[in-house]
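Here is how the chains run, residue by residue.
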Amino acid sequence: RVIAATNAPLKRLEKAGRFRADLLARLNSLTLEMPPLRHRRSDIPVLLRHFAAAEGFHAVSYEPDALEAILVAPWKANVREVRSLVGRLAQVDWRPAGKGVAEMTLKLLPPEFQSIIKQRRRAAVPPALEEHTRPNRGELLDSLGQHDWNVKRVAQHFGRDRKQIYRWMESHGIKRQQ
């Protein structure tokens, strides 16, 4: 019996004459296709717990940003990359949160995970705040509409003072709705 794994398209290689047809026929008696980890994101916490248990931890606790980074990471090396991450954290950085519980924090994750969160946060920042300029008329009207013309919430959205929102409204000729 032979168990083989590949990410190469064997049928295409066989048709192109780059893989032996008889060998493919023998290997093809039972085929299991496993989608990449990026298509099975719900498996990631399960795998983390499994590999943490192998390192002597009976549970893993997650800081919200760390969990978000883990769930949206590309995981190009699939399960091997998860195992490698847990092994690296267990040997170098991981601090138990309680008896046998590993704490997963963003600070402990490698820089590529931290940059994922930074990029997601930057994308969530309104353009006017990011550029340190005022929003254009359309952006301001959209924000006012989204927040039911509640200037306090619009100010929080842009990270500015309410007075600044009123000044922007005046400069764009936007009258306050009652």
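Residues numbered from 1 in each chain as written. Predicted model: local features only at pLDDT ≥ 70, side-chain atom pairs only at ≥ 80, totals over all residues. Heavy atoms only, no water.

### Re the pattern of salt bridges
Think of it this way: side chains of opposite charge can pair up when their charged atoms draw near.
Reasoning step 1: Counting across every chain of the model gives six salt bridges.
Reasoning step 2: Where Asp43 meets Arg40, a salt bridge forms, and the shortest distance between an N and an O atom there is 2.8 Å.
Reasoning step 3: Overlapping salt bridges, with partners in common, bring together Asp65, Glu68, Arg120 and Arg121 in one network. (Salt bridge = Lys/Arg side-chain N within 4 Å of Asp/Glu carboxyl O.)

### As for the packing of aromatic side chains
What characterises a pair of aromatic rings is the spacing of the ring centres plus the angle enclosed by the ring planes.
Reasoning step 1: By the definition in use, this model includes two aromatic pairs.
Reasoning step 2: Measuring from ring centre to ring centre gives 5.5 Å for Trp75 and Phe113, while their planes differ by 55°; the resulting arrangement is tilted. A residue pair is termed long-range when its members are at least 10 positions apart, and Trp75 in the loop between helix 4 (64–72) and helix 5 (78–93) and Phe113 in helix 6 (residues 111–124) qualify at 38 residues. (Phe/Tyr/Trp six-rings, centres within 6.5 Å; stacked < 30°, edge-to-face > 60°. Helix = DSSP H or I, 4+ residues; strand = E, 2+ residues; numbered from the N terminus.)

### Notes on the nonpolar core
Reasoning step 1: Core analysis: the biggest nonpolar cluster contains 25 residues, and Leu48, Trp75, Met104 and Leu109 have the highest contact counts within it.
Reasoning step 2: For this core, the elements supplying multiple residues, two or more each, are helix 3 (43–54), helix 4, helix 5, strand 3 (101–104) and helix 6.
Reasoning step 3: With five residues, the top contributor of residues to this core is helix 3.
Reasoning step 4: The contact partners of Leu48, leaving out residues within four places of it in the chain, are Val60, Tyr62, Ile70, Val82, Leu85, Val86 and Met104.
Reasoning step 5: The next biggest cluster of nonpolar side chains, apart from the first, holds eleven residues, and it includes Trp149, Val151, Phe158 and Ile174. (Core = buried A, V, L, I, M, F, W, Y, C linked by side-chain atoms within 4.5 Å. Buried < 20%, exposed > 50% of the residue type's maximum accessible area, 1.4 Å probe, protein only. Contact = heavy atoms within 4.5 Å.)

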